[in-house]
Amino acid sequence: MRIILSICLLLLFTVSCRESGGATTESQKEQPFLQLTVLPQRVLLNAKASDLTKSWIEFNSLNTGFDALYTVENAEDLALVLDDLVERQKLLEESAYPAAFDLPQVRGRQRVMKTFILKTKAAVEYRVDATEPAVELINAYNAMRTQFNVLVNNTLDTQLLSDE
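Residues numbered from 1 in each chain as written. Predicted model: local features only at pLDDT ≥ 70, side-chain atom pairs only at ≥ 80, totals over all residues. Heavy atoms only, no water.

Novice: Talk me through the pattern of salt bridges; I want residue IDs and the actual numbers.
Specialist: The tally for this structure, following the rule as stated, stands at 7 salt bridges. We note a salt bridge from glutamate 93 to lysine 114, for which the minimum N-O separation is 4.0 Å. Linking glutamate 93 in helix α4 (residues 75-94) with lysine 114 in helix α5 (residues 104-125), this pair joins segments that are 21 residues apart in sequence. By relative accessible area, glutamate 93 is classed as partly exposed at 29%. (Salt bridge = Lys/Arg side-chain N within 4 Å of Asp/Glu carboxyl O. Helix = DSSP H or I, 4+ residues; strand = E, 2+ residues; numbered from the N terminus. Buried < 20%, exposed > 50% of the residue type's maximum accessible area, 1.4 Å probe, protein only.)

So this is what it looks like as structure tokens:
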């Protein structure tokens with residue numbers, strides 16, 4: 001009986017040691033935090049929109065924050081960049097928009113961008129792959145920049161339409 005019990009204990013010991021060794025190799029693997037090659041490039045502003053945004057300090061500050069997003073090297077850097085983007089976005093939200101951009105179309109896109117900043121920040125805090133939310137964030141930012149281009153290129157006077 002003692003021989004059978006000792007064999008069972010030896011077998012149990014070897015099986016338990018083997019399972020714990022496999023778990024350590026999985027935890028040592030570095031999980032990807034952000035694939036920079038997948039991030040889309042930013043939409044360029046046309047000449048008219050660039051002229052209007054040159055004096056808009058808060059928007060230029062947000063542009064600088066997005067430049068840093070393309071240079072992150074690890075999850076901690078990404079968390080710091082996203083914290084900075086949250087602060088810059090709050091300043092942009094409270095700032096005085098140029099008259100051509102002080103429209104619900106722009107403010108709505110800016111709120112969507114804020115949502116995706118927070119979604120990306122949550123992905124970093126929960127230590128999951130932040131590539132998909134970061135791509136959505138860049139796309140929301142590009143939508144706002146595209147709206148700037150559309151607004152300055154729109155030469156149709158809405159007052160004429162409402163008078164008829």
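Once the structure has been displayed, the description carries forward.
Novice: I'd love a proper account of α4, names of residues and values included.
Specialist: Across its 20 residues, α4 extends 29 Å between first and last C-alpha, which sits within 8% of the 28 Å expected from 1.5 Å per residue. Contacts made by the buried residues of α4 are with α3 (57-69), α5 and α6 (131-153). The backbone nitrogen of glutamate 76 lies 3.3 Å from a side-chain oxygen of the residue at the head of α4, namely asparagine 74. (Expected span 1.5 Å × (residues − 1). Contact = heavy atoms within 4.5 Å. Polar contact = N/O pair within 3.5 Å; in protein donor to acceptor, adjacent residues only side chain to side chain.)

Novice: Describe the side chain of threonine 53, and please don't skip the residues or the numbers.
Specialist: As for its placement among the helices and strands, threonine 53 is situated in helix α2 (residues 47-53). Within polar-contact distance, the side chain of threonine 53 engages the backbone oxygen of serine 50 at 3.2 Å. With residues near it in sequence (within four places) discarded, threonine 53 still touches Leu45, Phe59, Asn60, Phe101 and Phe148.

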